[in-house]
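Observations on chain architecture
The lines below spell out each chain.
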Amino acid sequence: MSRLNDAILNNLITAVIVLDHDFIVKYANPAAEQLLCSSARRLYGFSFSELIVHSSIDLSYIKSTLKKGPGLTQSDVSLLINGQLRQIEFSASTIKWNAESNILFEIKPISQQQKISAEFQQNAQQNAAKDLVRNLAHEIKNPLGGLRGAAQLLEKCLPNKNLHEYTQIIIEQADRLKNLVDRLLGPQKPTHRQEENIHLVLEKARRLMELEAPHIQIVRDYDPSLPDFKIDSEQLEQAILNVLNNAVQALENTPKAKIIMRTRTDHQVLIKGQTHRLAARIEICDNGPGISFELQETLFYPMVTGRVGGSGLGLSITRNLIEQHSGNINVQSEPGKTNFTVLLPINR
């Protein structure tokens, strides 16, 4: 029976790891060796937290949960292993082994199909949030015009010019709200597209950002083989500026602050369920404090921000501009590293 158990464990595609209650590895099957990029012999005796550079799993929460109940399961968990971010499903339970109480981890990588399904679900949620905000913005915009017009008429009828100060406040605040609403509505469609080099767009954005934040080092790592393709350069420049501005704000209290702007050519890329033979990949990476996993899920939603005083519109508008080019934008973040990736299909 022992040999049969070993054979089953050795042939499972699910990673099985046994830990003591200090999260020290006591057993790892071959699937776990592959997941953690290390042999079982090297894994034994190591703390699970040391093997994982960064994780959305809260080990203290797991320990307290297992004390109260039989186990727990979590899906769409992120693990950073050997510089690669992996999405996994995992379950934890308590087992008796060698007359001792241990923790059993079962970890399964999320399949490509599940990732696509999750992406479509997230897009649907983002689009629903965007439509709600757009409808609300339209409802706000209509009475704003009447409010401003009434203030202008009232100003003409006021006998005392000293009272104009108050009507001007009404007009100025109405204009401020109108500008906010216009930003919420965002651009609806690309104005003009022509074949251009994406690096020219990136360089314009970089130079502008260097003028605003000269204390931050911006490093370029461009792929010169990236071909020209049809883009709306003004809209993409605005999208890149929004991401760069987000990075600059995140680096406010970071010593030796640095941003890397990287481009690459990708082949056979899946974007929103459609395969493209060629795509431009643009990465903007900073060494700031990182974005919490909770915020990453909704970062591109309108009115969502992790910064005090932020409007939550910049990245939402950026996503809209990228999608108008049939592209996609996502973020991967951990303490000390945040990477925004833009994929733009090249149709030639």
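First, a word on what this report is: a plain description of the structure on this page. (Residues numbered from 1 in each chain as written. Predicted model: local features only at pLDDT ≥ 70, side-chain atom pairs only at ≥ 80, totals over all residues. Heavy atoms only, no water.)

**Overview of the environment of Thr263**
In plain terms, the rule: Secondary structure elements are defined from DSSP: runs of H or I of at least 4 residues count as helices, runs of E of at least 2 residues count as strands, and each element is numbered from the N terminus. Note on contacts: a residue pair is in contact if any heavy atoms of the two residues lie within 4.5 Å.
Mapping Thr263 onto the fold places it in strand E10 (residues 258-271). For the pair Thr263 and Leu202, spaced 61 residues apart in sequence, the C-alpha separation works out to 9.7 Å. Not counting chain neighbours up to four residues away, the residues in contact with Thr263 comprise His199, Leu202, Asp221, Tyr222, Asp223, Leu226, Arg281 and Ile282.

**Some details on the pairing of strand E2 (residues 25-28)**
Heads up, the rule is: Two strands are counted as paired when DSSP detects at least two bridges linking them.
The pairing of strand E1 (residues 15-19) with E2 spans three bridges and is classified as antiparallel. By the bridge assignment, Val18 is partnered in E2 with Tyr27. Between E1 and E2, which pair antiparallel one after the other, the connecting turn spans five residues, and Phe23 there sits at a positive phi close to 65°.

**Remarks on the sheet that holds strand E13 (residues 337-345)**
The cut-off we apply is this: Each axis is a line fitted through C-alpha atoms, and for a helix only the stretch in contact is used; angles between axes span 0 to 180 degrees, taken between their N-to-C directions.
In space, the five strands of this open sheet follow the order E8-E10-E11-E13-E12, with mixed pairing throughout. With one partner strand each, in any of the chains shown, strand E8 (217-221) and strand E12 (328-334) form the two edges of the open sheet. Taking the axes of each pair of neighbouring strands and ignoring which way they run, one obtains an average angle of 25° across the sheet. Two elements, strand E11 (residues 274-286) and E13, share eight bridges in a ladder whose sense is antiparallel. Within E13, the residue paired with Ala280 across the bridge is Leu344.

**Structural notes on the packing of helix H8 (residues 198-212) against helix H9 (residues 233-250)**
Rules: Each angle is binned into one of four classes, with values under 35 degrees roughly parallel, values over 145 roughly antiparallel, values of 65 to 115 roughly perpendicular, and all other values oblique. Throughout, a crossing is termed right-handed when the near helix is turned clockwise from the far one, and left-handed when it is turned anticlockwise from it by less than a right angle.
Where H8 meets H9, the axes come as close as 9 Å, and the angle between the chain directions of the two elements is 45°. Here H8 lies oblique to H9, going by the angle between them. By crossing handedness, the relation of H8 to H9 is classed as right-handed. Residues Ile198, Val201, Leu202, Lys204, Ala205, Arg206, Leu208 and Met209 of H8 form the contact with H9, whose own contacting residues are Ser233, Leu236, Glu237, Ile240, Leu241, Leu244, Asn245 and Val248.

**Let's talk about helix H11 (residues 314-323)**
Stated formally: For the exposure calls, accessible area comes from a 1.4 Å probe over protein chains only, and a residue counts as buried if that area is under 20% of its type's maximum, exposed if over 50%, partly exposed in between.
For H11, a buried count of eight out of 10 residues is recorded, marking the element as mostly surrounded by other parts of the structure. Here H11 has its buried residues at Leu315, Ser316, Ile317, Thr318, Arg319, Asn320, Leu321 and Ile322.

**Quick notes on the packing of aromatic side chains**
Counted only if it meets this: For this analysis, a ring pair means two rings from Phe, Tyr or Trp (six-membered ring only for Trp) whose centres lie within 6.5 Å, classed as stacked if their planes differ by under 30 degrees, edge-to-face if by over 60, and tilted for the remaining angles.
The full count for this structure, using the stated rule, is three aromatic pairs. Summarising the aromatic geometry, the rings of Tyr27 and Trp97 are spaced 6.4 Å apart at their centres and angled 75° between planes, so their arrangement reads as edge-to-face. Separated by 70 residues along the polypeptide, Tyr27 in strand E2 and Trp97 in strand E5 (residues 84-97) bring together distant segments of the chain. For Trp97, a relative accessible area of 31% gives the class partly exposed. Ring-pair connections join several aromatic residues into one group, and the members of that group are Phe48, Phe90 and Phe105.

**Notes on H8**
As a reminder of what qualifies: By this rule the span expected of a helix is its residue count minus one, scaled by 1.5 Å. In protein, a polar contact requires one atom able to donate a hydrogen and another able to accept it; more generally it is a pair of N or O atoms within 3.5 Å, and residues adjacent in sequence count only if both atoms are side-chain atoms.
Between the first and last C-alpha of H8 there are 22 Å, a value that for 15 residues agrees with the 21 Å anticipated at 1.5 Å per step. For H8, the set of buried residues is Ile198, His199, Val201, Leu202, Glu203, Ala205, Arg206 and Met209. If you check the start of H8, you find a side-chain oxygen 2.8 Å away from the backbone N of His199, and it comes from Asn197.

By themselves, these observations are geometric and do not establish any function.
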